[in-house]
Amino acid sequence: MENGSLFFIRALEEHFAAAGKRLSARVKEILAGSPMDFNQEEKDDYHRLIKPARELVKQSLREELKRADGAKQTWMINCLSCTQTVVGSMAAEVLLEQEAAQQE
């Protein structure tokens, strides 16, 4: 698991723990992985576990970024190191959405 991925996965773990939920080891493994490198089992798990919850994960990241007030630079730095991962690409989308919203 790359450092950037771990940063975002920890943010998600904190978010879900506050709601009394936890991320399974397999979900964390898939989030930290690169879809380009997935074998068939990982692809199947992505489609079964992550894809249906993609918007929930992104919303959770949005909320964590908002809660982290002022940590946008830290998010950007971590995002750069893991954009090819599932969680990194979602974090990048959240940062881009936030940037676009601020420019409106």
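These lines cover the structure that appears in this document, whether it is placed above or below. (Residues numbered from 1 in each chain as written. Predicted model: local features only at pLDDT ≥ 70, side-chain atom pairs only at ≥ 80, totals over all residues. Heavy atoms only, no water.)

## What about the overall build of the protein chain?
Then, in step 1: On a plain count of helices and strands, the protein chain comes out with six helices and zero strands.
Then, in step 2: Scanning the protein chain from its N terminus toward the C terminus, one meets helices and strands in the order α-α-α-α-α-α.
Then, in step 3: Considered along the principal axes of its C-alpha atoms, the protein chain spans approximately 40 × 30 × 25 Å.
Then, in step 4: Here the protein chain, with 104 residues, has 39% of them falling under the buried criterion.
Then, in step 5: Pairs at least 24 residues apart make up 64% of the contacts formed inside the protein chain by residues separated by at least 6 positions.
Then, in step 6: Element-wise, carbon and sulfur atoms account for 53% of the exposed surface of the protein chain, whose accessible area totals about 6,300 Å². (Helix = DSSP H or I, 4+ residues; strand = E, 2+ residues; numbered from the N terminus. Buried < 20%, exposed > 50% of the residue type's maximum accessible area, 1.4 Å probe, protein only. Contact = heavy atoms within 4.5 Å. Areas by Shrake-Rupley, 256 points an atom, 1.4 Å probe, with all protein chains shown as cover.)

## With respect to the nonpolar core
Then, in step 1: Core analysis: the largest hydrophobic core is formed by 26 residues, its most contacted members being Phe8, Leu12, Leu31, Ile50 and Leu61.
Then, in step 2: Breaking this core down by element, the ones donating at least two residues are helix 1 (3–18), helix 2 (25–32), helix 3 (40–50), helix 4 (54–67), helix 5 (72–80) and helix 6 (86–103).
Then, in step 3: With seven residues, the top contributor of residues to this core is helix 6.
Then, in step 4: Leaving out residues up to four positions away in the same chain, phenylalanine 8 has contacts with Leu61, Trp75, Asn78, Cys79, Cys82, Val87 and Ala91. (Core = buried A, V, L, I, M, F, W, Y, C linked by side-chain atoms within 4.5 Å.)

## Thoughts on helix 3
Then, in step 1: Here helix 3 has its buried residues at Glu42, Asp45, Tyr46 and Ile50. Viewed along the axis of helix 3, the buried residues span an arc of 105°, placing them on a single side of the element. Those residues of helix 3 that are exposed and angled more than 90 degrees off the buried face are Gln40, Glu41 and Arg48.
Then, in step 2: Against helix 2, helix 4 and helix 6 lie the buried residues of helix 3.
Then, in step 3: You can read the cap of helix 3 off the contacts: a side-chain oxygen lies 3.0 Å from the backbone nitrogen of glutamate 41, and it is on asparagine 39. (Arc of directions from axis to C-beta. Polar contact = N/O pair within 3.5 Å; in protein donor to acceptor, adjacent residues only side chain to side chain.)

## A short note on the side chain of threonine 85
Then, in step 1: With respect to the helices and strands, threonine 85 occurs in the loop between helix 5 and helix 6.
Then, in step 2: Side chain to side chain, threonine 85 and serine 5 meet in a polar contact 3.3 Å long.

## Examining helix 6
Then, in step 1: With 18 residues, helix 6 extends 26 Å between its outermost C-alpha atoms, agreeing within 8% with the 26 Å of an ideal straight helix rising 1.5 Å per residue.
Then, in step 2: Here helix 6 has its buried residues at Val86, Val87, Gly88, Met90, Ala91, Ala92, Val94 and Leu95.
Then, in step 3: The inward-facing, buried residues of helix 6 abut helix 1, helix 2, helix 3, helix 4 and helix 5. (Expected span 1.5 Å × (residues − 1).)

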